[in-house]
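Per-entry structural report
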Amino acid sequence: MQKVSQKVGFIGLGIMGLPMAANLIKNGHQLVVYNRTKSRAESLGAMGAELAGSPDEVASKCQVTLSILTDAPDVEQVLTGGGGYINGAKKGDIFVDMGTNSPSNARRFASLLSEKEVKFLDAPVTGGQKGAQDGTLTIMVGGEESAFEMARVLFEHMGKKVVYGGPTGSGQLLKMCNQIVVALDMVASTEALLVARKAGVPDSKLFDVLSSGAANSFTVQNLLPKMMKGDFEPGFRAAHLKKDLSYATSLSRELGIPVFGASTALQLYTALTSMGMGEKGTQALKKLYDAVGTQP
Ligand code: NAP
C-alpha cells in the first residue's frame, strides 16, 4: 500500500468534513484546509492544519485533495469558480469528491480534470455524523485503481470499511443504492413509531424490539431515539436526502427500473422541505406525518 506522505488538501468542513479532516490530523497527516465560511476551519487550525484562502491555494500545495460539499454545482464551483481548484492543480494530482451526487456528475468532473491531467475519484461515504466523528465510515470509491491505491490510506484513516467499486461513477452508484435503503428505513421507522404511540405502546418497548431483532438498522439505533425525544437537529439534513433520492430515482428511470418505495420517499422529503424543514435532520420526517394529522 502506498502512503501519501505529502500535505493533504481538504475542502468543505461541514457536518461531515470537519470531523473527517480532524481524524486525518489525528492519524498524523499534515492538512491544508479550505472552507467557504472561514470560521468553520478555525478548530482545525488549532489542531495544526494550514488554513488556505482558496481551493486554488489548496491545489498548489497538495498532491491529493479531498472534498465533501453539498451537491454537484458546489463541486463545480470549487473546481472551476473564482479561485477554483483547477487553477492550482498540477499534472498527476488527485481530486477526490466525497459528497453525494451522481455517476454522471462524477464522469463530468473526471473529464473536466483530465484536461489538466489531474485524476478524479468519486468516494461518497455512509455512516452519518457519528461515523465521521468516530472514524467508522464506509467509503465507496470509483475511478482509476492506481489513484485509489494512492489515496487508500486516507480513506482508511476516516473509515472502517473501504470498498473499491470500479471505474469513475461506481462510488456514486453504490451510494445511490445505499440511500434508497436509508430513506425507506426512515419512512418505516417513522410509521412504526406513529402506529405504536397511537396504540399505546411505550417508546422504550418499541425501541427494545426494533433495535434487537430483524428491524435493527443505523436509523433505528441512531435516529429513532432522536425522533422519540423530539430532537430534529441535523446529523444528516432532510434536503440532502431529498437530493440523493432525486438522483436515485432519475437514474432508476434511465435504467427502466421501477422504484416505488424510493419515489414515495422522494415525495415525502419534497413535502418536508417545502414545509421549511430541509435544514432539519432526516428524522424530522415525523413532522410531516404530524402535519397531516397523525398526532395523538
Ligand atoms: P453540510 O454540513 O451542509 O456541509 C456542506 C459543506 O459544503 C460546507 O463546508 C459548505 O461550506 C460547503 N459548500 C457548500 N456549497 C459550497 C460552495 N458552492 N462553495 C464552497 N463550499 C460549499 O453538509 P454535510 O452533512 O457535511 O454533507 C456534505 C455531503 O456529504 C453532502 O453531499 C451529503 O449528502 C453527504 N453526506 C452527508 C452525511 C451526513 O450524515 N451528514 C452522510 C453521508 C454523506 P459553508 O460552511 O461555507 O456552508
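None of the values given here were measured: they were computed from a predicted structure. (Residues numbered from 1 in each chain as written. Predicted model: local features only at pLDDT ≥ 70, side-chain atom pairs only at ≥ 80, totals over all residues. Heavy atoms only, no water.)

Moving on: the overall build of the protein chain. When helices and strands are counted, the protein chain shows 14 helices and nine strands. Taking 19 Å as the expected radius of gyration for a compact globule of 296 residues, we find that the protein chain reaches 20 Å, a close match to that expectation. Across its three principal axes, the protein chain shows a C-alpha extent of roughly 65 × 45 × 35 Å. Within the protein chain, the proportion of its 296 residues that are buried is 51%. Considering only contacts in the protein chain between residues 6 or more positions apart, those separated by 24 or more positions represent 67%. Approximately 13,000 Å² of the protein chain is accessible, and the part contributed by carbon and sulfur atoms is 54%. Here the protein chain contributes 30 positive and 27 negative side-chain charges, whose respective centroids are spaced 4 Å apart. (Helix = DSSP H or I, 4+ residues; strand = E, 2+ residues; numbered from the N terminus. Rg over C-alpha atoms; globule rule 2.2 N^0.38 Å. Buried < 20%, exposed > 50% of the residue type's maximum accessible area, 1.4 Å probe, protein only. Contact = heavy atoms within 4.5 Å. Areas by Shrake-Rupley, 256 points an atom, 1.4 Å probe, with all protein chains shown as cover. Lys, Arg positive; Asp, Glu negative; His and termini not counted. Charge placed at Lys NZ, Arg CZ, Asp CG, Glu CD.)

Right, let's talk about the environment of V118 for a bit. Counting through the fold element by element, V118 comes out in the loop between α6 (103-114) and β6 (119-122). Since its relative accessible area comes to 4%, V118 is described here as buried. Distance in space between the C-alpha atoms of V118 and T136 is 29 Å, their sequence separation being 18 residues. Aside from chain neighbours lying at most four places away, what touches V118 is Y85, A89, K90, D93, I94, F95 and L113.

On to the pairing of strand β1 (residues 8-11), then. The two faces of β1 match: V8 and F10 on one face and G9 and I11 on the other face are all buried. As paired strands, β1 and strand β2 (residues 31-34) are joined by four bridges and run parallel to one another. Its bridge partner lying in β2, G9 is registered against V32. In this fold, the crossover linking β1 to β2 by way of helix α1 (residues 17-26) has right-handed handedness. (Pairing = 2+ DSSP bridges. Right-handed = clockwise from strand over helix to strand, strands pointing away.)

If you check the shell around the ligand, you find 26 residues, and the closest are N35, T37, R40, T70 and G235. Contact distances for the ligand include 2.8 Å between an oxygen atom and a backbone N or O atom of T70. The backbone of T100 places a nitrogen or oxygen atom 3.0 Å from an oxygen atom of the ligand. Compared with its free state, where it exposes 900 Å², the ligand has 92% of that area covered by protein. The class makeup of the residues in the shell around the ligand is eight nonpolar, twelve polar and six charged. Counting contributing residues per domain, the shell around the ligand is built from domain 1 (8-167) and domain 2 (174-293), each supplying no fewer than three. (Near = heavy atom within 4 Å. Polar contact = N/O pair within 3.5 Å; in protein donor to acceptor, adjacent residues only side chain to side chain. Nonpolar A, V, L, I, M, F, W, Y, C, P; charged D, E, K, R; others polar. Domains from an automatic or database assignment.)

The angle between the axes and the distance between the axes are what describe a pair of packed helices. The contact between helix α9 (residues 170-198) and helix α10 (residues 203-210) brings their axes to 10 Å, and the two run at 140°. Taken together, α9 and α10 sit at an angle that is classed as oblique. Judged by the sense of rotation from one axis to the other, the crossing of α9 with α10 is right-handed. Contacts between α9 and α10 involve A192, L193, A196 and R197 from the former and D203, L206 and L210 from the latter. Classifying every residue of the contact of α9 with α10 gives five nonpolar, no polar and two charged. (Axes fitted to C-alpha atoms, helices over the stretch in contact; angles between N-to-C directions. Parallel < 35°, antiparallel > 145°, perpendicular 65-115°, else oblique. Left-handed = near helix turned anticlockwise from the far one by under 90°.)

Once that is clear, we can look at the packing of aromatic side chains. According to the stated counting rule, one finds five aromatic pairs in the structure shown. Each ring, one from F95 and one from F120, has its centre 6.4 Å from the other, and the planes form 20°; the classification is stacked. Here F95 is found in strand β5 (residues 94-97), whereas its partner F120 is found in strand β6, with 25 residues between them in sequence. Geometrically, the ring pair formed by F109 and F120 is tilted, given 6.0 Å between the ring centres and 55° between the ring planes. Taken as a pair, F109 in helix α6 and F120 in strand β6 lie far apart in primary sequence, eleven residues in all. Each member of the pair, F109 as well as F120, carries the same accessibility label: buried. These aromatic residues form a ring-pair network of at least three members: Y85, F95, F109 and F120. (Phe/Tyr/Trp six-rings, centres within 6.5 Å; stacked < 30°, edge-to-face > 60°.)

This part is about the environment of G166. Tracing the sequence through the fold places G166 in strand β9 (residues 159-166). Residue classification places G166 among the buried residues on the basis of a relative accessible area of 9%. Sequence-distant contacts of G166, defined by excluding residues within four places in its chain, comprise V141, G142 and G143.

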